[in-house]
Amino acid sequence: MKLNRNFLLITGIAILLITCLLVWRPWSGNVAIKDDSDPGKGATLSSSRNLESVSSIAGLNDWKELDDPVQDGWESEALHDLLKKKLAVISGQVTSDVFDQDLLSKVVGQDVEGSVLVPVISEDTWSGGGVVVRRREVPEEVSYSKRAGFTEALQMIPNALGGEAKSRRCSFKVVELKVEQELVHARVLIECARIDQSGVVEQHGDWLTTWKRSGSGKELMLSGVLLQRFEQSEGERRLFADCTESILKGNESYRRQLQLGYPYWLQRIQDTRQMTLLGTPGTALGDVNGDGLEDLYLCQPGGLPNRLFVQQPNGSLRDFTEESGTGWVESCRSALFVDLDNDGDQDLVIASYARMVVSRNDGKGRFSVAGIMELGIGAMGVSAADYDGDGDLDLYVCHYSRGDLDLEAGATVIGSGGQFVYHDANNAGRNYLYRNEIQSGSWDFQDVTEEVGLDVNNRRFSLAAGWEDYDNDGDQDLYVANDFGRNNLYRNDNGRFVDVAPEVQGEDRASGMSVSWGDADRDGVMDLYVANMFSAAGNRIAPQEGFSPGSSAETRGALLRFARGNTLLVQEEGKFRDASEELGVTMGRWAWSSMFADINNDGWEDLLVANGYITTPDTGDL
């Protein structure tokens, strides 16, 4: 029997661990463990001796000890924890029926100076489709110097939102923090909204706040607040309504699989690696049976079957998985409906965790596997375009890593190893371009990645790619969004590709998650929107001197760039200009997917961003 290297490696590691446990018995050494006879608590060390040789995480009760910013040398983060509590009191007033003056007096200084928090804006910035937007970008000036003035200014927020207290929500996010002797300066992003039957009102603001520290430094009082930017949007109704249950509730698979969620399946599925680390199965839309209605395909984590739902005339979806033959249980990352054989129906391409599967549609929504391309573990997004102009669609698949474990970085979580070049990683698996060579019913796809020049700069952690003729020369060019550093823009020169991203300022060195092409300014040339990750903590910490000691100014700047968020690259005379901040499109949180779409049919491309992450009831991991 022939054993592969991975099997031998895993077996060797398992034997080594077992041997270590048998020989090195830390519980019988000099460090004693105290048992409180409470299975809900972690054991505690009864002696501080030999702590350097012991590495253990006890129970959840010790999490605060493990994650102590003061012990880690980050005073700013300890102050941030205190600021969060103070700001929570202020946001609580906005969502309450009556302001609690006693509670405010514990947060706001008696002599606080500040500006209005909801400015008077006489003209609409934009309106259409029942939505009105008012915006003010000019910083406000001090207009009061007592707590009563701040209370009045704060009251303007719920007054402008309207509605009952239970329909209002308000949150604050500290994105910059500087300490100046007894003063703490914090830039705070504010998001407040009211959603009820009468409509929707949403506010976004930017405050510059100043806080006075007590003698011990363990207490803060608000001493100043100036509004820097404000926007309020109002609508007669929500732009979108959640119709998930109404269109899927008739399916048993919805109740027994999709509705149960990650916490349920994490306890029942054997291989949870991709479920716990990423949670990024994709979706696809397409008319699989030729009835003129769009159908939905859902990728699922390994161990759960993918699902194909066929749309009914009344708009509901019926589970057609068994009939279609597409209920594969291998962990799937992305899917694409596309007519590969030019017979007029939508075929199906799946990028699973280790391979790409191409399936032929019989025209009625029933699929048969026509080809399997082995890719190695780490396949992600898949896209299609006729790159060589021969009349059929070719396939490009992104690859994120070279295996389950990032052994080169010495870590099980990609990007966490000490030797990993976080801001410019170039040690992932390769992406592939497959040329479509289907002829007379014989399905064949050839790997032409190296042949056409796409194997250059092709070891990055790629998640998604987008095709577009950005230079208007008649062929399809390719943009690849990469995590951990530079993106690629491969210009197509008659079927040969050249990575021109550096020379046209299109690299966007950040955590690229997705890419979308669109003409944002309607000048006739295509612009780019790339989803990255916004990090409030990163924006607070990365500018500080103690961050990444020993790194060059260029490296530190590159790492700070990772915290900024999404990027809009506007094309001007064949090159791209980063217009993200001036157009206000960076704040997409932990963004995964983004797209241009004219959602209100006014002729201008809008932006939609899907964001978020998975967690559990234990928020210590956040």
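Each chain has its residues counted from 1, following the order in which its sequence is written. The model is predicted, so local features are restricted to residues of pLDDT at least 70 and side-chain atom pairs to those at 80 or more, both for listing and for counting; the totals for chains, interfaces and linings are taken over all residues. Remark: hydrogens and water are excluded; side-chain values derive from all non-hydrogen atoms of the structure.

Trainee: Please explain the overall build of the protein as it appears in this structure.
Mentor: Put simply, DSSP H or I for four residues or longer makes a helix, DSSP E for two residues or longer makes a strand, and each gets a number counted from the N terminus. Scanning the protein from terminus to terminus reveals twelve helices and 31 strands. For every residue, the accessible area (1.4 Å probe, protein chains only) is compared with the maximum for its type, and the residue is labelled buried under 20%, exposed over 50%, or partly exposed between those bounds. Buried positions account for 45% of the 622 residues belonging to the protein. Throughout, a residue-residue contact means that at least one pair of heavy atoms, one from each residue, lies within 4.5 Å. When contacts within the protein are restricted to residue pairs at least 6 apart in sequence, long-range pairs at least 24 apart make up 55% of them. A total of about 32,600 Å² of accessible surface is found on the protein, and carbon and sulfur atoms cover 50% of it. Working definition of accessibility: Shrake-Rupley area with a 1.4 Å probe, residue cover restricted to the visible protein chains.

Trainee: Before we go on, may I ask you to explain the state of the cysteines in this structure?
Mentor: By definition, a disulfide links the sulfur atoms of two cysteines through a covalent bond. The disulfide criterion is simple: two cysteine sulfur atoms within 2.5 Å. For the structure shown, the criterion picks out one disulfide. The side chain of C170 participates in a disulfide bridge whose partner is C192; the two sulfur atoms lie 2.2 Å from each other. A residue pair is termed long-range when its members are at least 10 positions apart, and C170 in strand β6 (residues 168-180) and C192 in strand β7 (residues 183-196) qualify at 22 residues.

Trainee: Help me understand the packing of aromatic side chains in this model?
Mentor: Any aromatic ring pair is given by two values, namely how distant the centres are and how the planes are angled relative to each other. Aromatic pairs are defined between Phe, Tyr and Trp rings, using the six-membered ring for Trp, whenever the two ring centres lie within 6.5 Å; interplanar angles under 30 degrees are classed as stacked, those over 60 as edge-to-face, and all others as tilted. A complete count under the given rule lists 18 aromatic pairs for this structure. Pairing Y396 with W467 gives two aromatic rings, centres 6.3 Å apart and planes at 90°, and the pair type is edge-to-face. Here W467 lies in strand β22 (residues 461-468) and Y396 lies in strand β19 (residues 394-399), a separation of 71 residues in the sequence. We note that Y396, like W467, is buried. Relative to W517, the ring of Y479 has its centre 6.3 Å away and its plane inclined at 90°; by these criteria the two rings are edge-to-face. Note that Y479 is positioned in strand β23 (residues 477-483) and W517 in strand β26 (residues 514-518), a separation of 38 residues in sequence. When its relative accessible area of 11% is taken as the criterion, W517 is described as buried. Among the aromatic residues, those joined into a cluster by ring pairs are Y387, Y396, W467 and F497. Two conditions define a charge sitting above a ring: the NZ of Lys or the CZ of Arg must be within 6 Å of the ring centre, and it must be within 35 degrees of the ring normal. The ring centre of Y264 lies 3.6 Å from the NZ or CZ of R268, which sits over that ring. Above the plane of the ring of W604 lies R522, whose end atom (NZ or CZ) is 3.8 Å from the centre.

Trainee: Sorry, what's going on with the pattern of salt bridges here?
Mentor: Note that side chains of opposite charge can pair when their charged atoms are close. One speaks of a salt bridge when a side-chain nitrogen belonging to Lys or Arg is within 4 Å of a carboxyl oxygen belonging to Asp or Glu. Per the stated rule, a full pass over the model turns up 31 salt bridges. Put simply, E164 and K166 hold a salt bridge, and the shortest N to O gap is 3.7 Å. Here the two residues E164 and K166 agree in accessibility, since each one is exposed. The salt bridge partner of R187 is D206, with a shortest N-O separation of 2.9 Å. Of this pair, R187 sits in strand β7 while D206 sits in strand β8 (residues 199-213), placing them 19 residues apart in sequence. R187 gets classed as partly exposed once you look at its relative accessible area, which sits at 27%. For D206, a relative accessible area of 6% translates into the label buried. Among the charged side chains, a salt-bridge network with shared partners connects D424, R460, R486 and E507.

Trainee: Would you mind showing me how to read unusual backbone geometry here?
Mentor: Excluding glycine, most residues fall at negative phi; most peptide bonds, likewise, are trans. The backbone phi angle of Q505 is positive, close to 55°, even though this residue is not glycine. Inspection of the secondary structure assignment puts Q505 in the loop between β25 (496-499) and β26. For Q505, a relative accessible area of 43% puts it in the partly exposed group.

Trainee: Sorry, what's going on with the sheet that holds β26 here?
Mentor: Strands sit in the order β26-β27-β28-β29 across an open sheet of four strands; the sheet is antiparallel. Of all strands in the sheet, those bounded by a partner on one side alone are β26 and β29 (575-578). This sheet shows a mean twist of 25° between the axes of neighbouring strands, independent of strand direction. Of the strand pairs in this sheet, β26 and strand β27 (residues 527-531) are connected by five bridges, and their pairing is antiparallel. Each residue of the ladder has a partner; that of S516, found in β27, is Y529. Here, any two strands with at least 2 DSSP bridges between them count as paired. Angles run from 0 to 180 degrees between N-to-C directions of axes, and those axes are lines fitted to C-alpha atoms, restricted for helices to the stretch in contact.

Trainee: Would you take a moment to explain the packing of helix α3 (residues 75-94) against helix α5 (residues 147-161) for this structure?
Mentor: A pair of packed helices is captured by two measures, namely the crossing angle of their axes and the spacing between those axes. Two elements in contact, α3 and α5, have axes separated by 9 Å at closest approach and are oriented at 50°. One finds that α3 runs oblique with respect to α5. Contacts between α3 and α5 pair I90, Q93 and V94 from the former with F150, L154, I157, P158 and L161 from the latter. The class makeup of the residues in the contact of α3 with α5 is seven nonpolar, one polar and no charged. For classification purposes, an angle smaller than 35 degrees is called roughly parallel, one larger than 145 roughly antiparallel, one from 65 to 115 roughly perpendicular, and anything else oblique. Nonpolar residues are Ala, Val, Leu, Ile, Met, Phe, Trp, Tyr, Cys and Pro. Charged residues are Asp, Glu, Lys and Arg, and all others, Gly as well, are polar.

Trainee: Is there a simple way to think about the nonpolar core in this case?
Mentor: The tendency in soluble globular proteins is for nonpolar side chains to be buried as a group. Among buried residues, those of type Ala, Val, Leu, Ile, Met, Phe, Trp, Tyr and Cys that are joined through side-chain atoms within 4.5 Å constitute a nonpolar core. Ranked by internal contacts, the top residues of the largest apolar core, which has 38 residues, are I90, F150, L154, I157, W207 and W211. Beyond its immediate chain neighbours, meaning those up to four positions away, L154 contacts I90, Q93, V94, F99, L117 and W207. M380, A425, A428 and A591 belong to the second largest nonpolar core, which has 26 residues in total.

Trainee: I would appreciate a short explanation of the sheet that holds β19 in the present structure.
Mentor: Hydrogen bonding along the main chain pairs the strands of a sheet, whether they run parallel or antiparallel. On the basis of which strands lie adjacent, the open sheet formed by four strands has the order β18-β19-β20-β21 and antiparallel pairing. Of all strands in the sheet, those bounded by a partner on one side alone are β18 (379-385) and β21 (445-447). Averaged over all neighbouring strand pairs, the angle between strand axes comes to 25°, with direction disregarded. Pairing of β18 with β19 involves five bridges; the strand directions are antiparallel. By the bridge assignment, A384 is partnered in β19 with L395.

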